[in-house]
Structure formats: C-alpha cells, structure tokens
Amino acid sequence: MKLEIEEMEAELKNEKTAVERALDDVENATENTWADIKEAVNKTTSDIEQAWQKFKINVDETFEKDNS
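If you're wondering where the values come from, they're calculated on a predicted model, not measured in any experiment.

1. Quick word on the overall build of the chain
Okay, step 1: Secondary structure summary: the chain contains two helices and zero strands in total.
Okay, step 2: Expressed along its principal axes, the backbone C-alpha trace of the chain runs to roughly 55 × 15 × 10 Å.
Okay, step 3: By the burial criterion, 12% of the 68 residues in the chain qualify as buried.
Okay, step 4: Element-wise, carbon and sulfur atoms account for 51% of the exposed surface of the chain, whose accessible area totals about 5,600 Å².
Okay, step 5: Put simply, the chain has 9 plus and 19 minus side-chain charges, and the middle of one group is 2 Å from the middle of the other.

2. As for the pattern of salt bridges
Okay, step 1: Overall, the coordinates contain three salt bridges when judged by the stated rule.
Okay, step 2: Of the charged contacts in the structure, one is a salt bridge between Lys13 and Glu9, with a shortest N-O distance of 3.8 Å. Highlighted residues: Lys13 and Glu9, both in helix 1 (residues 2–27), separated by four residues, approximately one helical turn.
Okay, step 3: For Lys13, a relative accessible area of 52% translates into the label exposed.
Okay, step 4: Notably, a salt bridge pairs Glu20 with Lys16, separated by 3.4 Å at the nearest N-O pair. Of this pair, Glu20 and Lys16 both sit in helix 1, four residues apart, which is roughly one turn of the helix.

3. Some thoughts on the environment of Ala29
Okay, step 1: Tracing the backbone through its elements, the reader meets Ala29 in the loop between helix 1 and helix 2 (34–67).
Okay, step 2: What makes Ala29 partly exposed here is its relative accessible area of 23%.
Okay, step 3: Sequence separation between Ala29 and Ile57 is 28 residues, and the spatial gap between their C-alpha atoms is 35 Å.
Okay, step 4: Here Ala29 is in contact with Trp34 and Ile37, once residues within four sequence places are set aside.

Basis of the calculations
Residues numbered from 1 in each chain as written. Predicted model: local features only at pLDDT ≥ 70, side-chain atom pairs only at ≥ 80, totals over all residues. Heavy atoms only, no water. Helix = DSSP H or I, 4+ residues; strand = E, 2+ residues; numbered from the N terminus. Buried < 20%, exposed > 50% of the residue type's maximum accessible area, 1.4 Å probe, protein only. Areas by Shrake-Rupley, 256 points an atom, 1.4 Å probe, with all protein chains shown as cover. Lys, Arg positive; Asp, Glu negative; His and termini not counted. Charge placed at Lys NZ, Arg CZ, Asp CG, Glu CD. Salt bridge = Lys/Arg side-chain N within 4 Å of Asp/Glu carboxyl O. Contact = heavy atoms within 4.5 Å.

Functional significance is not addressed by these values, which are geometric in nature.
Printed below as a string of structure tokens:
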C-alpha cells in the first residue's frame, strides 16, 4: 500500500509541475500568443481534472484493498 501511495504522490507532483508551467505561460503571454496559451492552459486544466479523478479512484481502491 505504501508503494501505491508513493506512486500517487509522484503523479500529483508531476501535475503540480504542469500547473506551474501553465501559470508561467499565462504570465508571459502576449496579445499575439494569448489564443495559443489559452488553449494550452485549458488542455492542462482538463488533464489535471482527469488525473485528479483517477487519483481519487486509486486512493479509494487502495484503502478498500487494505481494509479487506
């Protein structure tokens, strides 16, 4: 169980890095690049939402396995 939690933690750290990159892109966007940046940020947001849902499911499954 500890290994599975460590793997989930690593995945969340990767997602945090993606968010930080997206924020940097937004901060550095110009009027000429705004449309591209906006699209990339929207995709990153969607990817993070999907990863978060997967993470929650994995946590539930991990604790269910441990409690059975």
